[in-house]
Amino acid sequence: MLVEAHVMLLEHPHSALIDTPLPVPVPQAGEIRILIEACGVCRTDLHVADGELPQATYPIVPGHEIVGIVDALGVGVTAFEPGERVGVPWLARTCGRCGYCERGLENLCDFAEFTGCTRDGGYATHVLADAAFCIRLGAPWTDPVATAPLLCAGLIGWRALSAAGPAERLGIFGFGAAAHIVTQLARWRGTRVFAFTRPDDRSTQAFAKSLGASWAGGSDEPTPEPLDAAIIFAPVGGLVPAALRSVRKAGRVVCAGIHMSDIPRFPYRLLWEERQLVSVANLTRQDAVAFFDVAARAEVRTHVQRYALDDANRALADLRAGRVEGAAVLVPGDGR
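Residues numbered from 1 in each chain as written. Predicted model: local features only at pLDDT ≥ 70, side-chain atom pairs only at ≥ 80, totals over all residues. Heavy atoms only, no water.

A.B. asks: Would you mind showing me how to read the overall build of the protein here?
C.D. replies: When helices and strands are counted, the protein shows nine helices and 17 strands. A compact globule built from 336 residues should have a C-alpha radius of gyration of about 20 Å, and the protein, at 20 Å, falls within 12% of that. Each of the 336 residues in the protein was classed as buried or not, and the buried ones make up 56%. Of the contacts made within the protein by residues no fewer than 6 positions apart, 69% connect residues no fewer than 24 positions apart. Computing the positive centroid from 31 side-chain charges and the negative centroid from 37, the protein places the two 8 Å apart. (Helix = DSSP H or I, 4+ residues; strand = E, 2+ residues; numbered from the N terminus. Rg over C-alpha atoms; globule rule 2.2 N^0.38 Å. Buried < 20%, exposed > 50% of the residue type's maximum accessible area, 1.4 Å probe, protein only. Contact = heavy atoms within 4.5 Å. Lys, Arg positive; Asp, Glu negative; His and termini not counted. Charge placed at Lys NZ, Arg CZ, Asp CG, Glu CD.)

Here it is in structure tokens:
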């Protein structure tokens, strides 16, 4: 019988994660316990580590791109059985009663909880999750390591792509985990993708082109053609004026990050002519239903770099430094 779990604990912002043994958690009513197979490393985890999200609580176990096997059920759980593979996304729980929940906007719930931010997440061997917010992962999602980035990079990428609207030419600013998934979805829909990376990042530009981008260049370069829409994944406010400058009249710029540095002042003429600047926040369970259906039909393939669970600090450092091509994924079974 299992008596010990391991977590990578963030005691407070700007501190290193600590490998901490804990008793195996016991699911409460409505919860399931999951034996974690893989957990993606998301840029949002860096924002949690840096204390940039006001809703975050500490100490906390980060991680919200979780794939694992159900191994215990709390009272009242009937939707899952032990042995099933499930995914745990960023949205961990909502109240179901506020005005946003009642209007189908649970992503904006006034009382939402978030995995790896307000409740412990997946940098661990085990995690508890509200069964009502878990995602059943059947075929074709049989590879937990490849599937993990879809639980946030994929879901928020899909929501951002949907917010961008119909576009023949789509710009993507910041070519990380979400962008490499969105590029595949956009190309499947017949959209031409223009990838903007850090200046002189030739490796990432080549990676974007390998996924079907029509053009790839630095964020300091002008777009070769006016864009119909642009998505900003990089948490850099200075990219907003650049993205607005790149889109045509009535074009739309979508800010897809949960945190962004301050947007600098820019002339009104960049926004004029009915250009639109919008943001997306969190995700809904319906997003997951729609996304996993489309991702299967589009045959989305993630590119991952594996790290052992106790190597989480290095994974975060590599992500921060731009050394990850595609997505970083922690695998508890590696290195132990």
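Now, onward.
A.B. asks: Even after reading the chapter, I still don't get the packing of helix 5 (residues 177–188) against helix 8 (residues 285–297), so can you show me in this structure?
C.D. replies: A pair of packed helices can be characterised by two numbers: the angle between their axes and the separation between those axes. Following both chains from N to C, one finds helix 5 and helix 8 inclined at 70°, their axes separated by 10 Å at the closest point. Put simply, helix 5 runs roughly perpendicular to helix 8. Judged by the sense of rotation from one axis to the other, the crossing of helix 5 with helix 8 is left-handed. On the side of helix 5, the interface is formed by Ile 181, Leu 185 and Trp 188, while helix 8 contributes Phe 291, Val 294, Ala 295 and Arg 297. Taken together, the residues of the contact of helix 5 with helix 8 break down into six nonpolar, no polar and one charged. (Axes fitted to C-alpha atoms, helices over the stretch in contact; angles between N-to-C directions. Parallel < 35°, antiparallel > 145°, perpendicular 65-115°, else oblique. Left-handed = near helix turned anticlockwise from the far one by under 90°. Nonpolar A, V, L, I, M, F, W, Y, C, P; charged D, E, K, R; others polar.)

A.B. asks: Could you clarify how one ought to interpret helix 4 (residues 153–164) in this entry?
C.D. replies: Helical geometry: 3.6 residues make up each α-helical turn, so side chains three or four residues apart lie on a common side. End to end, helix 4 covers 16 Å across twelve residues, agreeing with the expected 16 Å (1.5 Å per residue, within 8%). Most of helix 4 is tucked away: eleven of the twelve residues are buried. Where helix 4 is buried, its residues meet strand 9 (135–136), strand 10 (169–173), helix 5, strand 13 (227–232), strand 14 (247–255) and helix 8. Looking at the residues trailing helix 4, positive phi occurs at Gly 165, about 80°. (Expected span 1.5 Å × (residues − 1).)

A.B. asks: Whenever I open this one, the environment of Ile 263 confuses me. Can you help?
C.D. replies: Within the fold, Ile 263 resides in the loop between strand 14 and strand 15 (276–279). In the structure, Ile 263 is positioned 257 residues away from His 6 in sequence and 40 Å away in space, judged by C-alpha atoms. Once residues lying within four places of it in the same chain are set aside, the contact partners of Ile 263 are Gly 237 and Val 240.

A.B. asks: I keep staring at unusual backbone geometry and nothing clicks. Help me out?
C.D. replies: Across the chain, the bulk of peptide bonds are trans and the bulk of non-glycine residues have phi less than zero. Cis geometry is adopted by the peptide bond preceding Pro 59, which originates at Tyr 58 and carries an omega value of -5°. Examined against the element boundaries, Pro 59 turns out to sit in the loop between helix 1 (43–49) and strand 4 (66–73). Omega for the bond connecting Ala 139 with Pro 140 falls within 30 degrees of zero, at 5°, which places this linkage in the cis form. As for its position among the elements, Pro 140 is in the loop between strand 9 and helix 3 (144–147). Positive phi, normally seen in glycine, also occurs at Glu 274, with a value near 65°.

A.B. asks: Is there a simple way to explain the sheet that holds strand 15 in this structure?
C.D. replies: Sheets are built from strands that pair by backbone hydrogen bonding, the pairs being arranged parallel or antiparallel. One open sheet accounts for six strands, arranged 12-11-10-13-14-15; its pairing is parallel. If you trace the sheet from one side to the other, it starts and ends with strand 12 (215–218) and strand 15, each paired once. Within the sheet, the average angular offset between the axes of one strand and its neighbour, ignoring direction, is 20°. As defined by bridge partners, strand 10 adjoins strand 11 (residues 192–197) across five bridges and the pair is classed as parallel. Across the sheet, Leu 170 pairs through a bridge with Val 193, a residue of strand 11. Against the sheet, helix 4 contacts strand 10, strand 13 and strand 14, and its axis sits at roughly 160° relative to strand 14. On top of the sheet, helix 5 reaches strand 10, strand 11 and strand 13; it is set at about 175° to strand 10, its chief contact. (Pairing = 2+ DSSP bridges.)

A.B. asks: Got a minute to help me understand the nonpolar core in this structure?
C.D. replies: Nonpolar side chains tend toward joint burial in soluble globular proteins. Membership of the largest hydrophobic core comes to 98 residues, with the highest contact counts inside it found for Tyr 123 and Ile 231. Among the elements that take part in this core, helix 4 stands out by supplying eight residues, more than any other. Residue contacts for Ile 231: discarding those within four places in its chain leaves Ala 160, Leu 161, Ala 164, Leu 170, Gly 171, Ile 172, Phe 173, Val 182, Val 254 and Ala 256. The next biggest cluster of nonpolar side chains, apart from the first, holds 17 residues, and it includes Phe 173, Phe 196, Ile 232 and Cys 255. (Core = buried A, V, L, I, M, F, W, Y, C linked by side-chain atoms within 4.5 Å.)

A.B. asks: Honestly, the pattern of salt bridges in this entry has me stumped. Any pointers?
C.D. replies: When their charged atoms lie close together, side chains carrying opposite charge are able to pair. Under the counting rule described, the total for this entry stands at 21 salt bridges. One salt bridge in this structure joins Arg 119 and Glu 31, with 3.1 Å as the shortest N-O distance. Of this pair, Arg 119 sits in the loop between strand 7 (113–114) and strand 8 (126–130) while Glu 31 sits in strand 3 (residues 31–41), and the two are 88 residues apart along the sequence. The buried category is assigned to Arg 119, whose relative accessible area is 13%. Several salt bridges converge on common partners, so that one network encompasses Glu 31, Arg 93, Glu 113, Arg 119 and Asp 130. (Salt bridge = Lys/Arg side-chain N within 4 Å of Asp/Glu carboxyl O.)

A.B. asks: How should I be thinking about the pairing of strand 3 in this particular structure?
C.D. replies: Along any regular strand the residues' side chains alternate between the sheet's two faces. Counting buried residues in strand 3 gives nine out of eleven residues, a clear majority hidden from the surface. Where strand 3 lies against strand 8, five bridges are found, and the strand directions are antiparallel. Following the sheet pairing, Glu 31 is matched in strand 8 by Asp 130. For strand 3 and strand 4, the ladder comprises seven bridges, and the chain directions are antiparallel. Bridged to Ile 36 within strand 4 is Gly 68. When strand 3 meets strand 17 (residues 327–331), the two strands line up antiparallel, connected through three bridges. Directly across from Cys 39, in strand 17, lies its bridge partner Leu 330.

Geometry only, nothing functional implied.
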